Amino acid sequence: MTLSPHGLRARNARAAALVAAAAAMSLAATGCSVANSDAGDPAGGGNTLRVVLPQEPPTLEPCEASLTATGVVVRSNITEPLLERNPTTGTLEPRLATEWTQTQPTLWTFKLRSGVKFSDGSDFTSEDAVAAIERSANNTKLACNVQGYVFGESGKLTLAAPDASTVTVQTGQPDPLLPLRVSFVEMTKSDTSTTEKVREPVGTGPYKIETWAAGQKLTLTSWDGYWGDKPAYAKAEYQWREEGTVRAAMVVNGEADLATNLGADDGAGDTGVQYPNNETTALRFTTDQAPLNDIRVRQAIDMSIDRDGIVKSLFGGIGRPASQLIGPGVVGYNESLTPTAYDLAGAKALVDQARADGVKVDTPFRIIGRTAQFPKIAESIELIQSALTQIGLTAKIEMMDTSAQMKYQLRPFPDDAGPVALMIMHGNQAGDAAFTVGQYFATDGAQSSSGTPQLDQQIKAAGTQTGDARKQAYAGVFASENKDVRGFAFLANMGAVLGLAENVSYAPDAATGDELRLADVKPKS
Amino acid sequence: MLTFLRRRVLTSLLPLLAVVLGVFVLARLTGNPTALYLPENATAQAREQFSAANGFDKPIWSQLLDYLSGVVRLDFGTSLRTGESAAVMALRAFPATLQLAAVTMLLACLVGTAVGCWAALRPNGLADRVSSLLSMTAASVPDFWLAILGIWVFAIMLGVLPTSGVDAGGLSWVLPIAVLMLRPAGVLTQVVRGAMISALGSPYVKVARSKGAGERRVVARHALKNAAPPALTVAGDLAVGLINGAVVVESIFGWPGIGKLLIDAILQRDFAVLQAAVAITAISIFVLNIAIDIGYALLDARVRQKVGAAA
């Protein structure tokens, strides 16, 4: 077959047209919509609050609400607890319970609010409350996160519902913290599965789940039967972006109204609001092997950390140098402790002294960090390593992912771990030092790699106290740990930045990272 | 051709099985994920219960048998993280990645071919030098940096594109595709340029020119057709890389694809999701490779003859 020049051009033109058509069809076939997305309902209307989070909630199971990614959505929005801790004052305030009393040393009685309904229209009764506490605190098979975190030391609870508005909780030993522990339990219906976790719960909160397009967005909608004030926003739409810069950009660009967990240099600009969170960062030492088995070496490491420099230059001034493993809002915080002063010469003298006494200070040890655990973690560790070199110690840095790092954070530690300084970040959401010292300072604590029998006794005695005596007893524990053990070099009481659109009013507090109450967010008038 | 296809599919099954087994073994080498899923101070009893409930307490060969028997039934198990079917999660996410990769690759091929041909027409000329510089830069720039820069310029400064997400219709595609296509477009430009320079200097092109064929015909009908096979091979590799490498772009732009799912599954030691996602990705890559082989045969008469002879 022969083709005339005109025919050739026509054929080339057809080929080009075919390619162009293929490209157009590819896009047309997609309809410009993305698979696995719900493209037909972009938010942005005046009555929808658009929130962007660092990650998608793995589940909305209420008994997992002490996991940040779950709790920030579910707590006090979809479900509610009987009572809740005010993150600013530390006091417990009524929610679904109106009063609670210690009717006997080991018995607490809760009176429930009347007229409360679940979002499916059913009444909230004492049977629901009993089932929810039973499910979260006693059900070992379900292994709820809140069970280990909050009820780990309280033993099995005996629950009863004497009438439709009363719940009693019997403890094995007198437990002054029982109401605080119960404040971590989100109320669910009595017919909620006790053998499997639920991804989309029915609760009594001001919002209920409208749609959850997995991987893309979650939409909550307010409902008319809520017992409290109707929230200002009829809907809330959650999206998630891993990068802080993208979350900040979404607020700056008007695509989101509120962005959580931003860093100082994520670019939130005028939309950024700083707030202290519950987290404290520290190096936790193993104390059984040289060179970290000598308290002078641990003290020297502590003195070689330039906390002010790290907070100012790396954290952008967000947070403050730490003197202990909890922040000022927590019961037991010791006001008299101050962050260790940066003193390289003094630190070097301590190392030299230990060396002269035969301590193997030249033995290398590892500084282990968890990648992306907090902004600038790698740079912080590098700065510390550099200072350690100057005082005559040899530290190697190992950054690990969460799973690998957890092997060094939780007992039993690897047998061949060697001497380790582990970078940790601890958040005391409960507001009481008991939830910190037992885990980190006691010799058998799940996350402890130091401790002494004397400190164990002190911790045990502090746990039996109430009121001011309790505050002083725990303050004493922190002082003793610093002076006699020095199993930690505290870095900073951390802070965070919230991106807030100009047309939105919200005051973040220490609990914002764990519990973002949508009802507290209002449009600016 | 059918015989060739049948043989190609059968030879692909072995590596596919190796991938399925490999991901199972490698995942288990990272250890028991119980610590990630239970409270930090969970009791030893609770940890044992969790391990037993998810089969982590069994010998690895027993876990492997359970896994393989599930794969045969297309049951990859349940996600530890979400409680959903792992296969459902992977199948839900995969089309979004496929869409992104397909459109990106098509555009990268068009751009790479056009610019590569243009540069090859006058080797070492201004157009060639400029396109070489740009294409090499495009092939070298990290996706992460480019994505953040793109958001800053086009979303924040100019306000013409959304920062991320999939709600803005066609506009949602622009930044992810632009970021994702730069590297393949740059590489393809270089490959097409080299192949075209070689082809344009070939005797058959000289013959065509001496017979009076126009430059457009010489380029399109003679040189490009002969330069296409190496470009197709590279394009195939790049397409595979796109499916695997969309992790960064999906994470930054909130694209609900399998790359993000895969990296989350790795970090969370969510073995079932990891295995399902890898299996689906591996199958798609094998399909793609077969498609490339067919394309090669269609473009290159020598290969076509070999295929015919083998059949």
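Residues numbered from 1 in each chain as written. Chains lettered and ligands numbered in written order. Predicted model: local features only at pLDDT ≥ 70, side-chain atom pairs only at ≥ 80, totals over all residues. Heavy atoms only, no water.

Colleague: If you had to explain the confidence of the model for chain B to someone new, which residues and values would you point to?
Modeller: Should the pLDDT be low somewhere, the predicted coordinates at that spot are not to be read in detail. Chain-level pLDDT for chain B is 85 on average; 95% of the residues reach the 70-or-more range. Model confidence for the complex: the whole-complex pTM is 0.81, and ipTM, which rates the interface, is 0.76. (pLDDT = per-residue confidence, 0-100.)

Colleague: I'd like to hear about unusual backbone geometry, residue by residue, with values.
Modeller: For the bond running from A290 of chain A to P291 of chain A, omega is 5°, close enough to zero to count as cis. Considering the arrangement of structural elements, one finds P291 of chain A in the loop between β12 (272–285) and α7 (295–303). Omega for the bond connecting R411 of chain A with P412 of chain A falls within 30 degrees of zero, at -10°, which places this linkage in the cis form. Turning to its location among the elements, P412 of chain A is positioned in the loop between α11 (402–409) and β16 (420–427). In this model, L74 of chain B sits at a positive phi of 60°, which is unusual for a non-glycine residue. Structurally, the position occupied by L74 of chain B is in the loop between α4 (60–72) and α5 (86–121). Positive phi, normally seen in glycine, also occurs at R269 of chain B, with a value near 50°. Secondary-structure assignment places R269 of chain B in the loop between α12 (258–267) and α13 (271–299). (Helix = DSSP H or I, 4+ residues; strand = E, 2+ residues; numbered from the N terminus.)

Colleague: I'd like a rundown of the packing of helix α6 (residues 126–140) of chain B against helix α8 (residues 171–200) of chain B, residues and numbers included.
Modeller: For any two helices packed against each other, one specifies the crossing angle of their axes together with the interaxial distance. Residues and elements named next belong to chain B. Contact geometry of α6 with α8 gives a least axis separation of 7 Å together with a crossing angle of 140°. Considering the angle they form, α6 stands oblique to α8. At the point where α6 passes α8, the crossing takes the left-handed sense. Contact residues: α6 offers D128, S132, S135, M136, A138 and A139, while α8 offers L182, R183, G186, V187, T189, Q190 and R193. A breakdown of the residues in the contact of α6 with α8 according to their chemical character gives 5 nonpolar, 5 polar and 3 charged. (Axes fitted to C-alpha atoms, helices over the stretch in contact; angles between N-to-C directions. Parallel < 35°, antiparallel > 145°, perpendicular 65-115°, else oblique. Left-handed = near helix turned anticlockwise from the far one by under 90°. Contact = heavy atoms within 4.5 Å. Nonpolar A, V, L, I, M, F, W, Y, C, P; charged D, E, K, R; others polar.)

Colleague: Help me get a handle on the sheet that holds strand β5 (residues 107–112) of chain A, residues and values and all.
Modeller: Residues and elements named next belong to chain A. Read from one edge to the other, the open sheet built from 4 strands follows the order β4-β5-β7-β6, with strand pairing classed as antiparallel. Looking at the sheet topology across the chains shown, the edges are occupied by β4 (97–104) and β6 (158–163). When the angles between neighbouring strand axes are averaged without regard to direction, this sheet yields 20°. Sheet topology places β6 next to strand β7 (residues 166–170); 4 bridges connect them, and they run antiparallel. Note that in β7 the partner of D163 across the bridge is T166. Most of the contacts of helix α3 (residues 126–138) go to β6, to which it runs at about 175°, and overall it touches β5, β6 and β7. (Pairing = 2+ DSSP bridges.)

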